[in-house]
Each structure stands twice: as C-alpha cells, then as structure tokens.
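# Analysis of the macromolecular model
Chain by chain, the residues:
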Amino acid sequence: MDSRLEAVRDTVLARNPGEKEFHQAVIEVFESLGPVHDRHPEFLEGAVLERLCEPERQIIFRVPWTDDAGRVHVNRGFRVEFNSALGPYKGGLRFHPSVYLGIVKFLGFEQIFKNALTGMPIGGGKGGSDFDPRGRSDAEIMRFCQSFMTELYRHIGEYTDVPAGDIGVGGREIGYLFGQYKRITNRYESGVLTGKGISWGGSLVRPEATGYGTVIFAQEMLKTRGLSFDGQRVVVSGSGNVAIHAIAKAQSLGATVVACSDSAGYIVDEAGIDVALLSQVKEVERGRLTDYAARRPGSNHVAGDSVWDVTGTVALPCATQNELDGDAAAKLVSNGLIAVAEGANMPSTRSAVSVFQEAGILFGPGKAANAGGVATSALEMQQNASRDSWSFEHTEQRLTEIMVGIYDRCAATADEYGAPGNYVVGANIGGFVKVADAMLAQGLI
Ligand code: GLU
C-alpha cells in the first residue's frame, strides 16, 4: 500500500475496532489508490479518504416484535448512510443473524463505489438487522418488518435514502416495509424503496438484475480471451435470488451450470441445473437443496464441504462475504478455472483474489460485477419519478448497456493506471475518482 495512505488506514482501523469486514473492504480499496493520489494531490489535501471512510450518519435502533406464540423478541436494526456525493443514499437491507455494524459498514462502503460505477445518480448506504428470518411465518416476518420500519421511516425518503433488498430481504419483505412506510407517513412515495412488486411500482428485471448482470460482466471478460459462455462448465455458490438468475442467464448463453450451494452443502447436477425446479424449491417453498436433489434424477447432494471442490471453468460466487478462501481459489485454479465474477459482495478473501490474479484468472470484483442489481434499482427510481413502467425488453436492454459500460470503465481505468486486465484496480479507481471529484466540488461537508 502507498505509504501516504497507511496513516489514514491505521486511523480508520483504530477508530472502528472489531469491525473486521469493514477493515477488509477499506484495505482492499486503499491498495488500489496509490497512483490516483500521484495524479490528484487535491484528494490528499482535501482529506477525501478520511472523509469517505467516516459514514455521514449511522443509525442503530431497537426492533421489538412478537412471535406467533406471543413471545417478545428484540433485534437490532441498522442503517448506515455512508455517502451522498452522487445522490441519495442507496443500498439494500440485510436480515441475517451475522449482521452487526462491521458487516453493514463493509457493505455500505462497497456500495459507494459500486453505485458510482453504475453511472446512475445514487449515493451509498446499507442497513439491516441481526433478525433471522429462517423458519419464521409470514405473520412473524410482517410484524418484524413493521416494527423495523416504525423506526426507519423517519430516516429515509425518495430524496434522502432509498433502501432495497439484500440477503433475507426480498419482495415479500419490501412489501411489508412499504406498507408500513405508507401507513405511517400517509404518502404513496414509490421512490422510497426499490424491489417493489410489479403491480405497485416495481420494475421488471429487478429480480433478475444482479444475477444477469454478473453473467454479462463475466461474458465481457471472457471476450478478451476470444471466449464466451457457450460450452463453459460453471460452478455457482448460493441458491438465492442472485444465484438463481445467474444460473438461468449462464445457461441461456450455452453454459452448463453443474453446481450450486446453500448453508447445508451443495448439489451437483451434471445435466445442468433445472432452474424452474430450483426456483420452486428455494423461492416458492423456501426449502433446502436436499429437496431439489430428492426430486431431480441424476443430481446428488453433498452435505458440508465446499462447492469450490467441484471442477468448473467459470466460478460465480453468489452467496456471501468471505465464502471463497485462498485454498478454495488454489483448488479452482488447479481444476482448470478461467474466470470468476462475484455475484455476492466480497465473497473472495484477499488471499483468494491474489491467487486468482497471480494465476492470470479473469477476475470481476463484486462492486463491478454485481452492480446490475442496484443499477436496476436506479432504473426503478427513474420509472417511479416519471410515473411510468417500462417493458422487460427495454429494461433488460438498459441493464445490459449499464453492465457493458461498467466493464468498459473498469477495463479503461485499469489500462490508464498501468494495470491492464486488473478489474479490481479499475473498479476501485473508477468508482473512487467519481465520488472524490463530487465531494471536492460540494465543499467541506
Ligand atoms: N443489495 C444489493 C447490492 O448489494 C442491491 C441494493 C439496491 O438495489 O439498492 O447492491
């Protein structure tokens, strides 16, 4: 890391003790930014990095709710409004027992650069709760969402902060959150949340967008080697919204996706994953991959272990942070891997990224490769602002243009800074410069 940035890093780490995922995300970005500060001394003089690493506002609140038996539970709610240089804070809500401030801040920090790369007018934020939705009834989920919004509503708004989904928050939760926001504020403010249902202000393609976008980014990387998805053997981690649509898109382009995973293990399906069955099991029935294996002849379920043991030419990590470590990366490389595109946020550890880069693997970091979701959220905001709704074809076309644009910006920035093919450098610098310029233009705030 550039020595001028080390002191800033040390202050950030000391000021945010115990937040190891946030530290990881900050270090990963700082490692790319040395050359930018050679060209832009004004960023150092303006203390842009110091300001960027300190969220504009952090909200932590109590979320009390009752289960179906009438028992009272208390969870913790978060919203970190990280940076509004480019637009209202924008980013999802994650409901998962692992959520604490360090996770929300890593996600919010990444979101700043990701959102900048989309070229859309959105700042960066993230929120969530340590609430565990697994095994909860619809009524329990609704009561939790209503309690969560009863505090959150005062901090958000279409011009202020626009939450959406993330792990554990999908269309059902956005519906309950939107209903409660409307009830409290007496405003039908469509643009306050994205990921809404199609009949009440949502955008077509939003559910597919993150997974589709990840595959589009990977396709652009493959083109540089004269390759395409046709004939690739793809391994995916996760089996939620991002994974399902990444699998569907990769297979529509001629790949065979042979594996995907959940927290209990993974399935191998040599014939290519049956997306309709996977979606039925995971999205409709909210079941497990063991249910998929039981109903799909020729597939098998492997309990425990790592999906990265499965041989593939393209890997799409679409589960969660730090799910792919250095050993898993080395195994994938020795099994003939060509490309990795991250559908999840920070799924590869820093040592995994080094292994991929040293082996010359095409590597698309999450803040670029998974930006299609939030980009389509911005398209949803655009439709809401104009009280319009676009066709699937038009919206998908816009998503494709945005993803190709992100790829081109990452590739061009990497070239410009003497690191051709290094999309980590391209994404970090490309996102950072845009935000830094806007911050300086807006004065010391
Ligand atoms: N949670 C998604 C992400 O990580 C989407 C956020 C949004 O649509 O606002 O980018």
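Coordinates for the structure precede this section.
Scope of this entry: the structure provided in the associated data block.

Calculation rules
- Within each chain, residue numbers correspond to sequence positions counted from 1 in written order.
- Reporting of local features is limited, given that this is a predicted model, to residues whose pLDDT is at least 70; pairs of side-chain atoms are given and counted only at 80 or more, and all residues count toward the totals for whole chains, interfaces and linings.
- In computing side-chain values, all of the structure's heavy atoms are included and hydrogens and water are not.
- The numbering of helices and of strands both runs from the N terminus, where a helix is a DSSP run of H or I of at least 4 residues and a strand a run of E of at least 2.
- Put simply, the radius of gyration uses C-alpha atoms, and a globule should come to 2.2 Å times the residue count raised to 0.38.
- Accessibility here uses a 1.4 Å probe with only protein chains present; expressed as a share of the type maximum, an area under 20% marks a residue as buried, one over 50% as exposed, and anything in between as partly exposed.
- Any pair of residues with heavy atoms lying within 4.5 Å of one another is described as a contacting pair.
- Each accessible area is a Shrake-Rupley result for a 1.4 Å probe, and residues are judged covered by the shown protein chains and nothing else.
- Only four residue types enter the charge count: Lys and Arg as positive, Asp and Glu as negative, with His and the chain ends excluded.
- Note on charges: their place is set at NZ of Lys, CZ of Arg, CG of Asp or CD of Glu.
- To be near a molecule or strand, a residue needs just one of its heavy atoms within 4 Å of it.
- The term polar contact refers here to a pair of N or O atoms within 3.5 Å; inside protein, the definition further demands a hydrogen-donor-capable atom paired with an acceptor-capable atom, and it admits residues adjacent in sequence only when both atoms are side-chain atoms.
- Any residue outside Ala, Val, Leu, Ile, Met, Phe, Trp, Tyr, Cys, Pro, Asp, Glu, Lys and Arg is labelled polar, Gly included; the first ten of those are nonpolar and the last four are charged.
- Helix span is expected to be 1.5 Å times the residue number reduced by one.
- The bend reported for a residue corresponds to the angle between axes fitted to the seven residues ending at that residue and the seven starting there.
- Only strands that DSSP links by at least two bridges are regarded as paired with each other.
- For helices, the fitted line uses only the C-alpha atoms of the stretch in contact; every axis is such a line through C-alpha atoms, and the angle between N-to-C directions lies from 0 to 180 degrees.
- Aromatic contacts are taken between Phe, Tyr and Trp rings whose centres are within 6.5 Å, Trp giving its six-membered ring; a plane angle under 30 degrees counts as stacked, one over 60 as edge-to-face, and the others as tilted.
- Working rule: Lys NZ or Arg CZ, within 6 Å of ring centre, within 35 degrees of ring normal, means a charge sits over the ring.

The next thing to look at is the overall build of the protein. The number of helices and strands found in the protein is 18 helices and 12 strands. For 445 residues, the compact-globule estimate of 2.2 N^0.38 gives 22 Å, and the C-alpha radius of gyration of the protein, at 21 Å, lies within 12% of that figure. Relative to its full complement of 445 residues, the protein shows a buried share of 58%. Excluding contacts between residues fewer than 6 apart, the proportion of contacts in the protein whose partners are at least 24 apart in sequence is 72%. Within the structure as shown, the protein displays about 16,800 Å² of accessible surface, and the carbon and sulfur contribution to it stands at 50%. For the protein, the centre of its 42 positive side-chain charges and the centre of its 53 negative side-chain charges are spaced 5 Å apart.

Taken together, 14 residues surround the ligand, and among them Lys90, Lys114, Gly165, Asp166 and Ser377 come closest. Measuring from an oxygen atom of the ligand, one finds a side-chain N or O atom of lysine 114 at 2.8 Å. Within the side chain of aspartate 166, a nitrogen or oxygen atom sits 2.8 Å from a nitrogen atom of the ligand. Contact with the protein chains removes 94% of the 300 Å² of surface that the ligand exposes when unbound. For the shell around the ligand, the secondary structure elements donating two or more residues are strand S3 (89-95), helix H6 (101-118) and helix H16 (372-385). Partitioning the shell around the ligand into residue classes produces 2 nonpolar, 7 polar and 5 charged.

Quick look at helix H9 (residues 206-223) now. For H9, built from 18 residues, the straight-helix expectation of 26 Å at 1.5 Å per residue is met to within 8% by its first-to-last C-alpha distance of 26 Å. The sharpest bend along H9 reaches about 30° and sits at tyrosine 212. Counting buried residues along H9, 15 of its 18 residues qualify, which places the element largely inside the surrounding structure.

On to the sheet that holds strand S6 (residues 233-237). If you walk across this open sheet you meet the 7 strands as S9-S8-S7-S6-S10-S11-S12, and the pairing is mixed. The open sheet has two free edges, formed respectively by strand S9 (300-303) and strand S12 (362-364), since each of these has just one partner strand. Strand-to-strand twist of the sheet, defined as the mean angle between neighbouring strand axes without regard to direction, takes the value 15°. In terms of strand pairing, strand S11 (residues 339-341) meets S12 through 3 bridges, oriented parallel. Paired with alanine 341 across the bridge in S12 is glycine 364.

Bridge count for strand S1 (residues 57-66) against strand S2 (residues 72-83) is 10 bridges, and the pairing is antiparallel. Paired with valine 63 across the strands is asparagine 75, a residue of S2. The hairpin turn running from S1 into S2, its antiparallel successor, is 5 residues long, and glycine 70 in that turn takes a positive phi close to 90°.

All told, the structure shown has 19 aromatic pairs when counted by the stated rule. With 6.0 Å between their ring centres and 45° between their planes, phenylalanine 22 and phenylalanine 82 make a pair best called tilted. Of the two residues, phenylalanine 22 is situated in helix H2 (residues 20-30) and phenylalanine 82 in strand S2; the sequence distance between them amounts to 60 residues. Residue classification places phenylalanine 82 among the buried residues on the basis of a relative accessible area of 1%. With 5.3 Å between their ring centres and 45° between their planes, tyrosine 407 and tyrosine 423 make a pair best called tilted. Here tyrosine 407 is found in helix H17 (residues 392-416), whereas its partner tyrosine 423 is found in helix H18 (residues 423-441), with 16 residues between them in sequence. With respect to class, tyrosine 407 is no different from tyrosine 423; both count as buried. It is arginine 39 that lies over the ring of tyrosine 417; its NZ or CZ is 4.0 Å from the centre.

Below, the discussion takes up the environment of leucine 278. Counting through the fold element by element, leucine 278 comes out in helix H11 (residues 275-284). Leucine 278 sits in the buried class, given a relative accessible area of 0%.

Nothing here speaks to function; it is all geometry.
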